[in-house]
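For reference, the chains in residue letters:
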Amino acid sequence: SLAGRTALITGSIGGIGNATARALAMDGCRVMLHGLESPDVAEAARAALAAETGAEIGLHRADLAQPDQIEALVKHTETTLGPIDILVNNAVFRHLSPVEDFPLEAWSQAVAVNLTAPFILTKLVMAGMKSRRWGRIINMSSNYGTTATVNRVDYCATKAGILGLARGVALEGLPFGVTCNAICPCATLTPHAESQLQARMATNEPPRAETGAQARPDRHPTPRLTRTPRVSA
């Protein structure tokens, strides 16, 4: 049980982040949700998760490209829910473009959100975790962090970088009971992925059942999409 623990999960209003928040809350954890969705959408997600799990669920909006807003997110979490025991770096920014046309500002935004923000968040929570001799840091990478694809140079580079961040932090936390791991999900049936499947069906590509079974073989060899607790294939 994680009763008495506090988790901060970035990018957790929907998708994999929200599924992670649900799993932790179901195990008794206090959870701080984060995202840039509209206030109405974000609050609805918070209220729904609190009602379903009975856990204490907070909500804070922060632009992870801004270090001062990252600091405010951590401070708000610790002030309202308690010291952060579990940090899940899940939020992501991505831009689709061939490398020769890739805007520098989009590259900078991806590095800031996908790599620098996890570093800052880890930096801010690490001392407390070490002092309590317990902490769990999870960096959400991707199968593209170990392989690659076209037109997503920012995503591939930052998701590979967060693997290196996890390795370094893991060694530093080891003597203090603080772990750091990275997860490399493949194609996952989130609401966003569902909308992509619907778009493919609308262009006379394989019907949904076949599309789901194929599970994007360019991404991974398993013959199915990964499912979150909220979405079924």
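Look up: the structure comes first, before these words.
Residues numbered from 1 in each chain as written. Predicted model: local features only at pLDDT ≥ 70, side-chain atom pairs only at ≥ 80, totals over all residues. Heavy atoms only, no water.

### Quick word on the packing of helix H4 (residues 104-132) against helix H5 (residues 153-173)
The interhelical angle for the contact between H4 and H5, taken along N-to-C directions, is 15 degrees, at an axis separation of 9 Å. Classed by the angle they form, the pair H4 and H5 counts as roughly parallel. Read as a crossing pair, H4 and H5 show a hand that is right-handed. The residues of H5 that touch H4, namely those facing Trp107, Ala110, Val111, Asn114, Leu115, Pro118, Phe119, Thr122, Met126 and Lys130, are Val153, Asp154, Ala157, Thr158, Gly161, Ile162, Leu165, Val169, Glu172 and Gly173. Split by residue class, the contact of H4 with H5 holds twelve nonpolar, five polar and three charged. (Axes fitted to C-alpha atoms, helices over the stretch in contact; angles between N-to-C directions. Helix = DSSP H or I, 4+ residues; strand = E, 2+ residues; numbered from the N terminus. Parallel < 35°, antiparallel > 145°, perpendicular 65-115°, else oblique. Left-handed = near helix turned anticlockwise from the far one by under 90°. Contact = heavy atoms within 4.5 Å. Nonpolar A, V, L, I, M, F, W, Y, C, P; charged D, E, K, R; others polar.)

### Side note on unusual backbone geometry
For Arg133, which is not glycine, the phi torsion reads 60 degrees and is therefore positive. Inspection of the secondary structure puts Arg133 in the loop between H4 and strand E5 (135-140). Unusually for a residue other than glycine, Asn151 sits at a positive phi of about 65 degrees. Accessibility expressed as a relative area gives 37% for Asn151, which makes it partly exposed. (Buried < 20%, exposed > 50% of the residue type's maximum accessible area, 1.4 Å probe, protein only.)

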